[in-house]
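# Observations on the three-dimensional arrangement
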Amino acid sequence: MCSIVSLLYCLLILLSINITVVTSAEANKTEIDRQALLCFKSGISSDPLGVLNSWRNTSRNFCNWSAVTCDVRHPIRVVSIDLTSMHLTGQISGCIANLTSLSQIHLADNSLSGAIPDELGMLPGLQTLMLAGNHLEGNHEFKALIFKFMVNGSLETWLHSEHYSGLPERVLSLGQRIHIAADVASALDYVHNQVSPPLVHCDLKPSNILLDKDMTARLSDFGSAKFLFPGLSVPKSLAEVGGTIGYMAPEYAMGSEIATEGDVYSFGVLLLEIVTGKHPTDDLFVDGLNLHNFAESMFPDRLAEIIDPHMAHEESQPCTEVWMQSCIVPLVALGLSCSMESPKDRPRMQDVCAKLFAIEDDFQKSHGQLLNSPCP
């Protein structure tokens, strides 16, 4: 009996030690969040509305501070900061990246200046970054990462509305598809070539492309994105890359480092999906067949057999051959080029943009001509 009592006593001591260690670790994370918020405040030089007055070093309960939202689970962690339109001036401090549970950052419509901190790319769960209406360095103020509520949902629901119960049948015209592809290519060109260091999205797919009321496309969900810092380590697994099967570049499965060419591959698959209406994981693709070699096997003479039938019905039937030669053939050719197996065989996004703008221009010209004269 004594030995059993002694054993129970020892177990209770070990359990109390373990609880103490866990509690200490959680408290440390909470304090890191508090200090990160105070550090962020130190970069703000003017707060005319006094929104940050509650952010005081003497206050421990930072979840009650203005504009801060915490995770209700323990430990208490900051998941959102919303300081939209607060007339703040100053700079965005890189210490904001110490808020490692942060998923939403809303800093739009202030007067913030300086560089966008590279450390933002280190936030593992960041999904929304809104910086519009400031004076930050970078073309269009990081426009590729900025989006509001998109009333037309995602491209996924337009290409595959039959998979979503409760949604009306949706049809994208050829012109809309070209415009969406050009929007996405422009955003990728921006984050690859106009942001320093370059940013790789790592999870490009239709569900991560949102459409506003004018059907302008915006990239979303940068939770898997990686800044290409010098000395960036090679991912040890596909889980570290992120991404989605069917859209992920094949070299990542071989242990290659993250690179912009991976996004180019995903864009190529996306472009072929936009034209054909087929998911890259469609049941058709078995025994080594994939969307790339499926389209390649029909290129160029049999493309009419594989284009999305909804698009074909939506466009004027007598003009199908005109659209085929001026738009669809070059679109598929570009999709095939981008989704080549070897990264070195893929074009750069700035070249992809140039080709898409040319295709869009040809479409507008031919569309105008067809409106004024019957198809040949």
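Above this text you will find the structure in question.
The paragraphs below set out a description of the structure included in this document. (Residues numbered from 1 in each chain as written. Predicted model: local features only at pLDDT ≥ 70, side-chain atom pairs only at ≥ 80, totals over all residues. Heavy atoms only, no water.)

Between helix α5 (residues 260–276) and helix α6 (residues 291–298), the least distance of the axes is 10 Å, while the angle of their chain directions is 55 degrees. Regarding the angle of α5 to α6, the classification is oblique. As for how α5 packs across α6, the hand of that crossing is left-handed. For the pair α5 and α6, contact is made by Val-269, Leu-272, Glu-273 and Thr-276 and by Leu-291, His-292 and Ala-295, respectively. Here the residues of the contact of α5 with α6 sort into four nonpolar, two polar and one charged. (Axes fitted to C-alpha atoms, helices over the stretch in contact; angles between N-to-C directions. Helix = DSSP H or I, 4+ residues; strand = E, 2+ residues; numbered from the N terminus. Parallel < 35°, antiparallel > 145°, perpendicular 65-115°, else oblique. Left-handed = near helix turned anticlockwise from the far one by under 90°. Contact = heavy atoms within 4.5 Å. Nonpolar A, V, L, I, M, F, W, Y, C, P; charged D, E, K, R; others polar.)

Here we take up the nonpolar core. Core analysis: the largest hydrophobic core is formed by 68 residues, its most contacted members being Leu-174, Val-184, Phe-267, Ile-328 and Leu-356. If you tally residues by element for this core, the top one is helix α3 (residues 174–193), at eleven residues. When neighbours within four sequence positions are excluded, Leu-356 is seen to be in contact with Ala-181, Ala-182, Ala-185, Phe-267, Leu-331 and Leu-334. Membership of the second largest hydrophobic core comes to 30 residues, among which are Leu-52, Leu-83, Ile-96 and Leu-102. (Core = buried A, V, L, I, M, F, W, Y, C linked by side-chain atoms within 4.5 Å. Buried < 20%, exposed > 50% of the residue type's maximum accessible area, 1.4 Å probe, protein only.)

Another aspect to go through is the packing of aromatic side chains. Under the criterion given, the structure shown has five aromatic pairs. Aromatic side chains Phe-40 and Trp-55 sit 6.1 Å apart centroid to centroid with 45 degrees between the ring planes, which places their arrangement in the tilted category. In this pair, Phe-40 sits in helix α1 (residues 2–42) while Trp-55 sits in the loop between β1 (44–46) and β2 (68–71), placing the two residues 15 residues apart along the sequence. Aromatic rings pair up to connect Phe-40, Trp-55, Phe-62 and Trp-65 into one cluster. (Phe/Tyr/Trp six-rings, centres within 6.5 Å; stacked < 30°, edge-to-face > 60°.)

By themselves, these observations are geometric and do not establish any function.
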